[in-house]
Amino acid sequence: MRLPRPVLIATATATAAATLLLTPNGAAADPTPRPGAPVREGSGPSDGGAAAAAKAPESVTDRALTAPVTELTPGTGALRGYPREQVLAPDPENPADKSIKLGLTPYHAIAPKLNALQRLGDRVSVEVAGRSAGGHRLFLVTVTAPESARRARAQERLRELIENAPVAAAKDPAVQRDYKTPVFFNNNIHGNEWEGTDASLKLIEKLATAQDRSTTDLLAHSRVYFNITANPDGRIAGTRANAAGFDLNRDFVTASQPEVRAMRRIAIDKQPALMVDLHGYVNGTLIEPTTPPHGENYEYDLFLKNTYANALGMEAVVNGLGYTPEADGVEPAQIPFRDQEEGWDDWPPIFTPQYMPFHGTVAAHTVEFPMAVNNDEYDELPVTELRRRASVNVAVAGAAMRASLDYARTHRGSLVADQIEVFRRSVTGAAQVPVSPETVPGVPGIGPEDVYTTDFPRAYVIPAGGGAQRSAPAAARLVDHLLANDVQVRRATRDFRLGGKTYAKGSYVVDLRQPKRGMANVMLADGRDISDKVSVMYDISGWSLGRLWGATVDTVRTSKLAVPGRAVRAAAKVGYVAPGGTQRPRLRLRLDDAREIAALNSLLSDGVPVRRAADGSAVVPASAREKAAVAARTYDVAFDATKESGGAPLRRVRVAAAVTPGELFALREMNFDVVPVSTAVLDAGFDWSRADVLFASSGLDPADLAPAARAALDAFLAREGLVGRGATGAALNAAAGLLAVEAVAGNPDANGVVRVVNSSGGGVTAGAPDHSFVYAPVWFTGLGAGVRVEQSYASGASGSPLVSGHWRALEDGGGGPAQAAGRASVVSGPHAVLFGTEPLFRDHPKGEFAQVAKALLTVS
């Protein structure tokens with residue numbers, strides 16, 4: 001489930017593990033099958049033992065960063081028909097799997113079960129969609145009536161017609177006659193919300209064997225896809241997060257984790273018209289659509305029409321199971337749009353059902369089954385009660401899926417027509433249709449509070465050359481991310497003028513008259529300040545890649561778009577090493593981007609003597625040219641020639657990190673040598689000789705430390721130094737007396753994209769974007785001697801630094817954006833740097849990462 005809010009009857013709390021004792025599995029490739037016959041999948045993972053488990057944090061970061069994005073069936077794609085059967089290798093039996101206590105299916109039993117389901121007939125196909133952060137296979141099951149390879153190719157042609165030529169698709173009788181409506185069920189994205197997996201296995205078995213008219217009609221006209229467990233790491237360990245400590249249902253706009261990239265691939269390749277994401281636990285069963293605010297980049301009239309109608313069907317079937325509060329402890333189902341005012345919104349595209357509409361899904365739901373079996377309940381309730389509750393949840397999940405299949409069968413024509421209309425509006429540049437009782441008849445209670453639309457620009461330009469681009473690696477990363485999300489991008493083949501500006505050859509243009517305009521706009525637009533719209537938000541409210549990823553992004557509102565260029569499938573490489581010649585010049589590496597930091601740390605770990613230049617860049621000796629060339633290729637960064645010799649030598653920094661999982665992941669993404677610490681780790685006796693600097697933002701309270709641990713920490717901070725973030729970092733600074741500042745906490749619920757002013761002079765924020773991200777913002781006042789302001793919150797014309805998101809003052813009038821405006825957001829001194837912003841939040845604000853890296857390098 002999502003994190004609970006007071007307006008919900010929620011019975012779970014978030015759990016995130018920075019480390020899980022999981023055995024990393026092998027990455028054996030699945031073989032390309034011969035047409036028409038089952039194949040044996042590559043050998044399964046082996047038990048690497050405790051030694052491999054202890055290395056899981058490092059290995060999962062590497063796997064998450066390097067896992068490829070491929071078609072679900074490598075080398076064949078839509079060329080094969082259905083069924084696409086294969087024999088899955090079994091996983092080693094794991095008696096510690098947390099599913100077992102609940103009487104549910106442990107992960108190691110899934111592959112044998114899927115093998116058995118494939119043997120039931122010719123309707124069930126299994127493919128391996130990828131690997132989790134912990135190395136476990138992700139299974140995609142397709143249930144449909146058999147298709148020849150020729151029929152499968154025809155289906156793919158129709159899918160592409162719907163997406164790319166929707167005007168023609170709306171008139172093509174073959175679409176209505178022959179196209180199979182795609183339906184997608186996503187299970188267990190939160191690892192300790194188990195039951196969707198078991199309900200799906202039961203439903204697959206029924207669909208595989210049933211001969212009733214409804215089932216045969218459904219499978220003749222639909223493909224039903226099941227992501228059996230989206231988070232096997234968490235399923236096994238009984239944690240909400242995956243092996244990297246990530247809540248996968250917060251990662252969709254960033255896609256840092258391989259599980260999310262697999263789901264993204266399913267969304268693009270399968271293009272579901274209807275999807276259900278199965279969660280727990282809210283009593284009674286919660287069934288979306290949501291409360292305001294609604295995502296302004298959706299075609300929300302079409303989305304609400306279908307999502308509400310399907311919700312009513314699910315509610316009827318779930319309540320029809322006959323569970324009661326008195327006999328079973330099960331409350332009647334609830335639909336937030338109808339039954340709540342706010343607090344369960346669909347504003348950010350970080351949740352699965354709020355991401356899928358950008359790929360054409362017109363009915364998308366989170367469904368929360370009712371009976372809590374995780375966290376305290378898992379540990380404290382008798383096994384018999386846990387299994388009773390789990391059985392109820394399996395029944396509720398099954399009822400929701402059956403109702404959705406019935407909706408897909410009976411509304412097949414309108415679902416496909418509405419998906420076509422989503423793409424038609426996008427490619428033609430048509431305006432959105434505001435929701436109202438007239439535009440969405442049959443949905444009660446629509447009011448002005450539900451109307452959210454946006455003014456799509458004509459295009460975005462990501463400039464190249466001429467100094468317009470702060471960071472070429474950032475631009476390349478942003479373009480590749482857009483492409484990975486199926487956004488079409490063109491690259492100019494010569495200089496051009498657009499919107500009154502001149503752009504150099506090689507600049508990228510994102511025309512919003514394309515099928516995925518909503519996706520492009522949700523990533524590149526600034527977003528909106530919605531602080532006055534609702535009193536509380538469920539999760540983050542601002543996320544703009546255009547502002548936070550370090551690349552320049554220009555908005556173009558001209559009506560004409562005649563740019564000489566070509567479509568690209570990948571960003572142009574920017575890796576470069578200046579020619580050596582006879583003079584063999586030294587090389588200069590900018591340190592404004594995470595990739596440049598990663599390259600620097602790679603060189604330092606390889607023993608290259610690197611010095612820091614006056615402007616904050618790194619100077620590499622000519623003797624290390626070959627190693628620089630390897631780094632340029634590996635990290636796609638540029639090494640320019642320089643005559644500067646540099647100043648102080650740089651060394652590889654060993655970081656003790658009391659941080660969130662997202663921050664830990666980002667530090668390792670930049671190739672820092674990191675050892676996680678916490679209050680418990682320090683109390684157990686930590687060897688501070690292993691670290692050069694402490695980065696602290698979470699999980700470390702000096703007041704809770706044992707005397708010996710506190711003394712060791714104080715001695716380390718006096719000798720080395722601190723990089724702190726938020727309230728935790730400020731508390732450590734105050735306890736150690738490093739910087740003479742007063743930390744002021746803003747509204748703890750505030751979050752979003754803010755304008756900032758960076759100091760000049762080559763400090764921590766040199767080269768940083770003029771926007772940052774905040775969650776529970778902090779600012780600093782009472783600055784004493786020796787304190788340098790590295791960055792401040794901007795005032796702006798409105799007196800608020802907030803660009804997009806939700807930031808209100810507290811009831812006493814404090815803690816708001818007006819109080820933060822003009823105040824220091826990042827401060828530094830000889831032995832400490834403190835951040836009031838969130839520069840590594842969930843591995844997302846990529847353009848901010850280098851600030852933390854420079855702070856670590858400076859303090860150490």
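These figures come from a predicted structure and were not determined experimentally.

Visitor: Residues and numbers for the overall build of the chain, please.
Guide: For the chain, the helix and strand inventory stands at 28 helices and 36 strands. The C-alpha atoms of the chain give 27 Å as radius of gyration, which agrees with the globular expectation for 860 residues (29 Å, within 12%). In the chain, buried positions account for 60% of the 860 residues. Look at the contacts in the chain between residues 6 or more apart in sequence, and 79% of them connect residues 24 or more apart. Accessible area of the chain: about 30100 Å², with a carbon and sulfur share of 52%. Counting 90 positive and 93 negative side-chain charges, the chain places the averaged centre of each group 9 Å from the other.

Visitor: Now, about the sheet that holds strand S24 (residues 649-650): what can you tell me, with residues and values included?
Guide: Taken together, the six strands give an open sheet; going across it, the order is S19-S23-S20-S22-S21-S24, and neighbouring strands pair in mixed fashion. The open sheet terminates on both sides in strands that have one partner only, identified here as strand S19 (576-577) and S24. Looking at chain direction, strand S21 (residues 610-612) and S24 are connected through two bridges and run antiparallel. Residue Arg611 lies in a different strand from S24, and its bridge partner there is Pro649.

Visitor: How would you sum up the sheet that holds strand S5 (residues 181-187)? Please name residues and give values.
Guide: What links the strands of a sheet is backbone hydrogen bonding, and the strands pair in either a parallel or an antiparallel sense. Reading across from one edge, S3-S4-S6-S5-S7-S11-S8 is the order of the seven strands in this open sheet, with mixed pairing throughout. Each edge of the open sheet carries a strand with a single partner, namely strand S3 (124-131) and strand S8 (286-287). Where S5 lies against strand S6 (residues 222-227), six bridges are found, and the strand directions are parallel. Across the sheet, Val183 pairs through a bridge with Val224, a residue of S6. Sheet contacts for helix H8 (residues 213-221): strand S4 (137-143), S5 and S6; angle to S6, the most-contacted strand, approximately 90°.

Visitor: Break down unusual backbone geometry for me, with residues and values.
Guide: The residue after Tyr82, namely Pro83, is reached through a cis peptide bond having omega 10°. Omega for the bond connecting Pro292 with Pro293 falls within 30 degrees of zero, at -5°, which places this linkage in the cis form. In this structure, Asn188 is a non-glycine residue whose phi angle is positive, near 65°. You can see Asn188 is positioned in the loop between S5 and helix H7 (195-209). A positive phi is found at Asn375, a non-glycine position, where the angle reads about 55°. With respect to the helices and strands, Asn375 occurs in helix H15 (residues 375-380). On the basis of relative accessibility, which here comes to 19%, the residue Asn375 falls in the buried class.

Visitor: I'd like a description of helix H22 (residues 625-635), backed by residues and values.
Guide: Buried residues of H22: Arg625, Ala628, Ala631 and Ala632, and no others. Buried residues of H22 fall within an arc of 115° about the axis and therefore sit on the same side. When the buried face of H22 is taken as reference, the exposed residues oriented beyond 90 degrees from it are Glu626, Arg633 and Thr634. Tucked into the core, H22 has its buried residues touching S19, strand S20 (586-589), helix H21 (594-605) and strand S23 (638-642). In the segment just after H22, Asp636 is the residue with positive phi, at about 55°.

Visitor: Help me get a handle on the pattern of salt bridges, residues and values and all.
Guide: Pairing between side chains of opposite charge can happen when the charged atoms of each approach one another. Applying the stated rule across the entire model yields 49 salt bridges. Note that Asp636 and Arg595 form a salt bridge whose closest N and O atoms lie 3.8 Å from each other. Placement of Asp636 in the loop between H22 and S23 and of Arg595 in helix H21 is noted, with a sequence separation of 41 residues between them. For Arg595, a relative accessible area of 22% puts it in the partly exposed group. Salt bridges here are not isolated pairs; linked through shared partners, they connect Glu193, Arg240, Asp247, Arg250, Asp539 and Arg842.

Visitor: Any details on the nonpolar core? Residues and values, ideally.
Guide: Leu114, Phe139 and Phe226 are the most contacted members of the largest nonpolar core, which has 148 residues in total. With residues near it in sequence (within four places) discarded, Leu114 still touches Leu88, Val126, Phe139, Val141, Leu201 and Ile228. Listed in part, the 47 residues of the second largest apolar core include Leu600, Leu604, Ala666 and Ala855.

Visitor: Residues and numbers for the packing of helix H3 (residues 110-118) against H7, please.
Guide: At their nearest, the axes of H3 and H7 sit 10 Å apart, and the two run at 15° to each other. Judged by the inter-axis angle, H3 sits roughly parallel to H7. As for how H3 packs across H7, the hand of that crossing is left-handed. Of the residues in H7, those in contact with Ile110, Lys113, Leu114 and Leu117 of H3 are Thr197, Leu201, Ile204 and Glu205. Of the residues in the contact of H3 with H7, the class split is five nonpolar, one polar and two charged.

Visitor: Go over the packing of H7 against helix H16 (residues 383-410), please, and point to the residues and values.
Guide: In a packed pair of helices, the relevant descriptors are the angle between the two axes and the axis-to-axis distance. Put simply, H7 and H16 touch, their axes get as near as 8 Å, and they point 50° apart. By the angle class used here, H7 and H16 are oblique. For the element pair H7 and H16, the recorded crossing hand is right-handed. Packed against H7, whose contacting residues are Glu195, Gly196, Asp198, Ala199, Ser200, Lys202, Leu203 and Leu207, the element H16 presents Ala390, Asn393, Val394, Ala397, Gly398, Met401, Arg402 and Leu405 at the interface. Grouping the amino acids of the contact of H7 with H16 by side-chain chemistry returns eight nonpolar, four polar and four charged.

Visitor: So what's going on with the pairing of S3? Which residues, and what values?
Guide: The element S3 is extensively covered by neighbouring structure, given that seven of its eight residues are classed as buried. Here S3 runs beside S4; their pairing, made up of seven bridges, is antiparallel. Its bridge partner lying in S4, Glu127 is registered against Leu140. Hairpin connection of S3 to S4: five residues between the antiparallel strands, including Gly135 at a positive phi of 95°.

Visitor: Break down the packing of aromatic side chains for me, citing the residues and quoting the values.
Guide: All chains considered together, the criterion is met by 21 aromatic pairs. Pairing Trp194 with Tyr378 gives two aromatic rings, centres 5.8 Å apart and planes at 25°, and the pair type is stacked. On the criterion of sequence distance, the pair formed by Trp194 in the loop between S5 and H7 and Tyr378 in helix H15 is long-range, its members being 184 residues apart. In this pair, the class of Trp194 matches that of Tyr378, namely buried. Ring pairs connect the aromatic residues Tyr298, Tyr300, Phe303 and Phe358, which therefore count as one cluster. Above the plane of the ring of Tyr82 lies Arg84, whose end atom (NZ or CZ) is 4.3 Å from the centre.

Visitor: Got a sec to walk through the pairing of strand S36 (residues 832-835)? Specific residues and values, please.
Guide: The side-chain alternation of S36 yields two buried faces, one formed by Ala832 and Leu834 and the other by Val833 and Phe835. Direction of pairing for strand S28 (residues 722-725) relative to S36: parallel, over a ladder of four bridges. Following the sheet pairing, Leu722 is matched in S36 by Ala832. Pairing of strand S35 (residues 824-829) with S36 involves four bridges; the strand directions are antiparallel. For Gly829, the partnering residue across the bridge sits in S36 and is Ala832.

Rules used throughout
- Residues numbered from 1 in each chain as written.
- Predicted model: local features only at pLDDT ≥ 70, side-chain atom pairs only at ≥ 80, totals over all residues.
- Heavy atoms only, no water.
- Helix = DSSP H or I, 4+ residues; strand = E, 2+ residues; numbered from the N terminus.
- Rg over C-alpha atoms; globule rule 2.2 N^0.38 Å.
- Buried < 20%, exposed > 50% of the residue type's maximum accessible area, 1.4 Å probe, protein only.
- Contact = heavy atoms within 4.5 Å.
- Areas by Shrake-Rupley, 256 points an atom, 1.4 Å probe, with all protein chains shown as cover.
- Lys, Arg positive; Asp, Glu negative; His and termini not counted.
- Charge placed at Lys NZ, Arg CZ, Asp CG, Glu CD.
- Pairing = 2+ DSSP bridges.
- Axes fitted to C-alpha atoms, helices over the stretch in contact; angles between N-to-C directions.
- Arc of directions from axis to C-beta.
- Salt bridge = Lys/Arg side-chain N within 4 Å of Asp/Glu carboxyl O.
- Core = buried A, V, L, I, M, F, W, Y, C linked by side-chain atoms within 4.5 Å.
- Parallel < 35°, antiparallel > 145°, perpendicular 65-115°, else oblique.
- Left-handed = near helix turned anticlockwise from the far one by under 90°.
- Nonpolar A, V, L, I, M, F, W, Y, C, P; charged D, E, K, R; others polar.
- Phe/Tyr/Trp six-rings, centres within 6.5 Å; stacked < 30°, edge-to-face > 60°.
- Lys NZ or Arg CZ within 6 Å of the ring centre and 35° of its normal.

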